[in-house]
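Residue-level structure breakdown
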Amino acid sequence: MTKVALTVNGSRREADVEPRQLLVYFLREQLGLKGTNVGCDTSSCGACTVLLDGKSVKSCTVFAVQADGCEVTTIEGLADGEQLHPVQQAFHEQHALQCGYCTPGFVMATVSLLDENPNPSEDEIRLGLEGNLCRCTGYHNIVRAVQAAARAGT
């Protein structure tokens, strides 16, 4: 076991982890943060996307020990109490979800995308989110949600 200490959604967390434990399983199983979903376990779908020191990463490709000393933000850490994050609000208003399984990953990837490029073109949005897959919808409403969030000035 290896001791890790990281900040998750603004709270300092310490735990003993197996050196091979993936960050996604640490978040879900040890911290109880179920919003980060396990989709493919191969980094293909993006359902497990979180922010690691402000950059989107697929948490199925990061060991928990690699996050030691880092700041992790999950979907649970975006809202301010009952007030949704502007990206969450845009996804809601633009109907950018169906079953919702992929939505947390898309939202987290969008937060990172808009942090890097506050006013992306449609092509830049599609390119920026190409690592996230939705098996239920077309991507039109997702792109509209990112555009709405950009207009809102996230």
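All values reported here derive from a predicted model rather than from experimental measurement. Sequence order as written defines residue numbering, which begins from 1 separately in each chain. Whole-chain, interface and lining totals are the exception, using all residues; otherwise, since this is a predicted model, local features are given only for residues with pLDDT of at least 70 and side-chain atom pairs are given and counted only at 80 or more. Side-chain figures throughout are based on the complete set of non-hydrogen atoms in the structure, without hydrogens or water.

Between helix H2 (residues 86-93) and helix H3 (residues 103-116), the least distance of the axes is 9 Å, while the angle of their chain directions is 125°. Relative to H3, the element H2 lies oblique. Between H2 and H3 lies a crossing of right-handed hand. In this structure, H2 uses Val87, Gln88 and Phe91 to contact H3, whose residues at the interface are Thr103, Phe106, Val107, Thr110, Val111 and Leu114. In terms of residue class, the contact of H2 with H3 is built from six nonpolar, three polar and no charged. Angles here are taken between N-to-C directions and fall from 0 to 180 degrees, while the axes themselves are lines fitted to C-alpha atoms, restricted in helices to the stretch in contact. Put simply, DSSP marks the helices as runs of H or I at least four residues long and the strands as runs of E at least two long, and each gets a number from the N terminus on. Angles are sorted into four bins: roughly parallel if under 35 degrees, roughly antiparallel if over 145, roughly perpendicular if 65 to 115, and oblique for all others. Helix crossings are classified by the rotation of the near helix relative to the far one: an anticlockwise turn of less than a right angle makes the crossing left-handed, while a clockwise turn makes it right-handed. Any two residues having at least one pair of non-hydrogen atoms within 4.5 Å are treated as being in contact. As a working rule, the residues Ala, Val, Leu, Ile, Met, Phe, Trp, Tyr, Cys and Pro are called nonpolar, Asp, Glu, Lys and Arg charged, and the rest polar, with Gly in that last group.

Among the secondary structure elements, Leu127 is positioned in helix H4 (residues 122-128). For Leu127, a relative accessible area of 56% corresponds to the exposed category. It is 31 Å that separates the C-alpha atoms of Leu127 and Arg20, two residues lying 107 residues apart in sequence. Relative accessibility decides the category of a residue: with a 1.4 Å probe and only protein chains considered, values under 20% of the type maximum give buried, values over 50% give exposed, and everything between is partly exposed.

This paragraph deals with H2. Taken residue by residue, H2 has Val87, Gln88, Ala90 and Phe91 as its buried positions. Angular distribution of buried residues about the axis of H2 spans 160°; they occupy a single face of the element. The inward-facing, buried residues of H2 abut H3 and helix H5 (140-151). With its phi angle positive at about 55°, His95 sits one or two positions after the end of H2. Within this analysis, the arc is defined by the directions that extend from the helix axis to the C-beta atoms.

On to the sheet that holds strand E1 (residues 2-8), then. Only strands joined by at least two bridges in the DSSP assignment are considered to pair. Pairing in this open sheet of five strands is mixed, and the strands run E2-E1-E5-E3-E4 from one edge to the other. Looking at which strands have only one partner, the edges of the open sheet turn out to be strand E2 (11-17) and strand E4 (55-58). Each strand of the sheet is rotated relative to its neighbour by a mean of 40°, with strand direction disregarded. The strands touched by helix H1 (residues 23-30) are E1, E2, strand E3 (49-52) and strand E5 (71-73); relative to E2, the strand with the most contacts, the crossing angle is about 105°. Here H3 sits on the sheet in contact with E3, E4 and E5, set at roughly 40° to E3.

Turning to its location among the elements, Ser59 is positioned in the loop between E4 and E5. Accessibility expressed as a relative area gives 0% for Ser59, which makes it buried. Contact partners of Ser59, with chain neighbours within four places excluded, come to Leu22, Leu23, Val24, Thr36, Cys48 and Val50.

We now examine the pattern of salt bridges. Salt-bridge detection follows one rule: a side-chain nitrogen of Lys or Arg within 4 Å of a carboxyl oxygen of Asp or Glu. Counted according to the given criterion, the structure contains three salt bridges. In this structure, Lys3 and Asp16 form a salt bridge, with 3.8 Å as the shortest nitrogen-oxygen distance. Of this pair, Lys3 sits in strand E1 while Asp16 sits in strand E2, placing them 13 residues apart in sequence. The exposure class of Lys3 is exposed, given its relative accessible area of 52%. Looking at Asp16, the relative accessible area reads 40%, which means it is partly exposed. Salt-bridge contacts for Arg126 lead to Glu122; the nearest nitrogen and oxygen are separated by 3.0 Å.

A word on H3. Here the expected length of a helix is defined as 1.5 Å per residue gap, with one fewer gap than residues. Taking 1.5 Å per residue as the helical rise, H3 with its 14 residues ought to reach 20 Å, and the 20 Å between its terminal C-alpha atoms agrees with that figure. The buried fraction of H3 is high, at 12 of 14 residues. Every buried residue of H3 is listed here: Thr103, Pro104, Gly105, Phe106, Val107, Met108, Ala109, Thr110, Val111, Ser112, Leu113 and Leu114. Those residues of H3 hidden inside the fold are in contact with E3, E4, E5, H2, H4 and H5.

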